[in-house]
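Chain by chain, the residues run as shown.
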Amino acid sequence: MKSDMTGKVAIITGASSGIGKASAIKFSQEGYKVTIVARDKKNLEATRQDMVSPDDVLIIPADVTNESNIEKVVASTVQKWGRIDVVVNAAGIIGSGTIQTTTLSDWDYMMNVNVCGPFYLIQQALPYLIEQKGAVVNVSSVTGLRAFPGILAYCTSKAAIDQLTRCLALELAKDGVRVNAVNPGVVVTQLHRRSGMDEDKYAAFLEHSKTTHPLGRVGKPEEIADLIYFLGSPQSA
Ligand code: NDP
């Protein structure tokens, strides 16, 4: 039997593209009111148009590396909807670099987007999540679980978000707040192209990925969004 999610509220970062956008659409299809967050307002507007009930969408252009932006995401959501049931941290970046080529500022920026942003958003939303016995879903990666060459800061950031997830799951279980991560393999989004991969290299990467993924294919954002929805919703409580 389908549960009634009317009135429930999700905050989804990275909702202007890829996995975050697919997640925003999924939560909206299931009846949630959704705050969608990313830097690009035009792309957030496009996400809103693809959602089931555009009136139940709050757009907040924000950079997850900016503390006051994150505070605004939480304050505006509570002001508009009065509660927070779910936080999905899907904003993220990838970048190549080895120990020889990763600068300290590359490293810091990767950590700021992929780890510090989620940490601070969860911290700010926590009182409301506790009130609703809500849930957090962090979008990690297979690279948090296994080492891959040439993406040092990215792999380390994903291992960090995995450990943050485990620690918080343990800390917050007593409050009834569930904290999980998903660890996808390659999914077709803008992630790799934004990191500077040109179309030819991206096509070759996707072709090669058929041999590195047991199903012989890469993933679709909607497949990851279904899992994020399951982990975020009371179905998994
Ligand atoms: P996309 O590049 O398609 O989407 C990334 C999203 O993050 C965009 O909405 C972007 O919006 C947002 N974002 C990036 N930087 C910031 C920032 N500083 N502040 C706010 N928002 C930001 O990539 P994916 O959908 O693939 O990536 C989502 C997550 O999934 C990432 O954490 C990624 O590591 C993870 N993942 C992806 C895989 C893949 O193969 N695609 C595999 C495994 C994990 P905007 O630019 O408008 O701010």
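Residues numbered from 1 in each chain as written. Predicted model: local features only at pLDDT ≥ 70, side-chain atom pairs only at ≥ 80, totals over all residues. Heavy atoms only, no water.

**Concerning the overall build of the protein chain**
Then comes step 1: In terms of helices and strands, the protein chain carries 8 helices and 6 strands.
Then comes step 2: Its C-alpha radius of gyration of 17 Å places the protein chain within 12% of the 18 Å reference for a compact globule of 237 residues.
Then comes step 3: Overall, the protein chain is about 45 × 35 × 30 Å in size when its C-alpha atoms are taken along their principal axes.
Then comes step 4: Split into buried and exposed, the 237 residues of the protein chain put 48% on the buried side.
Then comes step 5: With an accessible surface of roughly 11,700 Å², the protein chain has 55% of that area assigned to carbon and sulfur atoms. (Helix = DSSP H or I, 4+ residues; strand = E, 2+ residues; numbered from the N terminus. Rg over C-alpha atoms; globule rule 2.2 N^0.38 Å. Buried < 20%, exposed > 50% of the residue type's maximum accessible area, 1.4 Å probe, protein only. Areas by Shrake-Rupley, 256 points an atom, 1.4 Å probe, with all protein chains shown as cover.)

**Section: the sheet that holds strand β3 (residues 57–61)**
Then comes step 1: In spatial order, the strands read β3-β2-β1-β4-β5-β6; together these 6 strands make up an open sheet with parallel pairing. Strand pairing shows two members of the sheet lacking a second neighbour, β3 and β6 (178–182), which therefore form its edges. When the angles between neighbouring strand axes are averaged without regard to direction, this sheet yields 15 degrees.
Then comes step 2: As defined by bridge partners, strand β1 (residues 9–13) adjoins strand β2 (residues 33–38) across 5 bridges and the pair is classed as parallel. Its bridge partner lying in β2, threonine 13 is registered against valine 37.
Then comes step 3: The strands touched by helix α1 (residues 18–29) are β1, β2, β4 (86–89) and β5 (135–139); relative to β1, the strand with the most contacts, the crossing angle is about 165 degrees.
Then comes step 4: Seen against the sheet, helix α2 (residues 41–49) touches β2 and β3 and runs at an angle of roughly 165 degrees to β3. (Pairing = 2+ DSSP bridges. Axes fitted to C-alpha atoms, helices over the stretch in contact; angles between N-to-C directions. Contact = heavy atoms within 4.5 Å.)

**Comments concerning unusual backbone geometry**
Then comes step 1: The phi angle at lysine 133 is positive, at roughly 50 degrees, despite the residue not being glycine.
Then comes step 2: For lysine 133, the location among the structural elements is in the loop between α4 (104–132) and β5.
Then comes step 3: Judged by its relative accessible area of 54%, lysine 133 is exposed.

**Quick notes on the pattern of salt bridges**
Then comes step 1: Using the criterion set out here, one finds 11 salt bridges in the structure.
Then comes step 2: Measuring nitrogen to oxygen at the nearest pair gives 3.7 Å for the salt bridge that ties aspartate 226 to lysine 26. One end of the pair, aspartate 226, is in helix α8 (residues 221–232); the other, lysine 26, is in helix α1, with 200 residues separating them in the sequence.
Then comes step 3: Look at lysine 26 and you get buried, because its relative accessible area is 16%.
Then comes step 4: Lysine 33 is the salt-bridge partner of aspartate 56, the closest N and O atoms lying 3.7 Å from each other. Placement of aspartate 56 in the loop between α2 and β3 and of lysine 33 in strand β2 is noted, with a sequence separation of 23 residues between them.
Then comes step 5: Here lysine 33 falls in the partly exposed class, since its relative accessible area comes to 22%.
Then comes step 6: Each of the salt bridges in this network shares a partner with another, and the network as a whole consists of Lys8, Arg83 and Asp85. (Salt bridge = Lys/Arg side-chain N within 4 Å of Asp/Glu carboxyl O.)

**A closer look at the packing of α1 against α8**
For any two helices packed against each other, one specifies the inter-axial angle together with the distance between the axes.
Then comes step 1: For the pair α1 and α8, interaxial distance at closest approach is 8 Å and the crossing angle is 55 degrees. As judged from the angle between their axes, α1 and α8 are oblique. Like other packed secondary-structure pairs, α1 and α8 cross with a definite hand, here right-handed. Contact with α1, carried on its side by Gly18, Ile19, Ala22, Ser23, Lys26 and Phe27, involves Pro221, Glu222, Ile224, Ala225, Asp226, Ile228, Tyr229 and Gly232 of α8 and no other residues of that element.
Then comes step 2: Of the residues assigned to the contact of α1 with α8, the class counts are 8 nonpolar, 3 polar and 3 charged. (Parallel < 35°, antiparallel > 145°, perpendicular 65-115°, else oblique. Left-handed = near helix turned anticlockwise from the far one by under 90°. Nonpolar A, V, L, I, M, F, W, Y, C, P; charged D, E, K, R; others polar.)

**Some points on the environment of glutamine 49**
Then comes step 1: Looking at where glutamine 49 falls in the secondary structure, it is placed in helix α2.
Then comes step 2: For the pair glutamine 49 and isoleucine 25, spaced 24 residues apart in sequence, the C-alpha to C-alpha distance is 9.6 Å.

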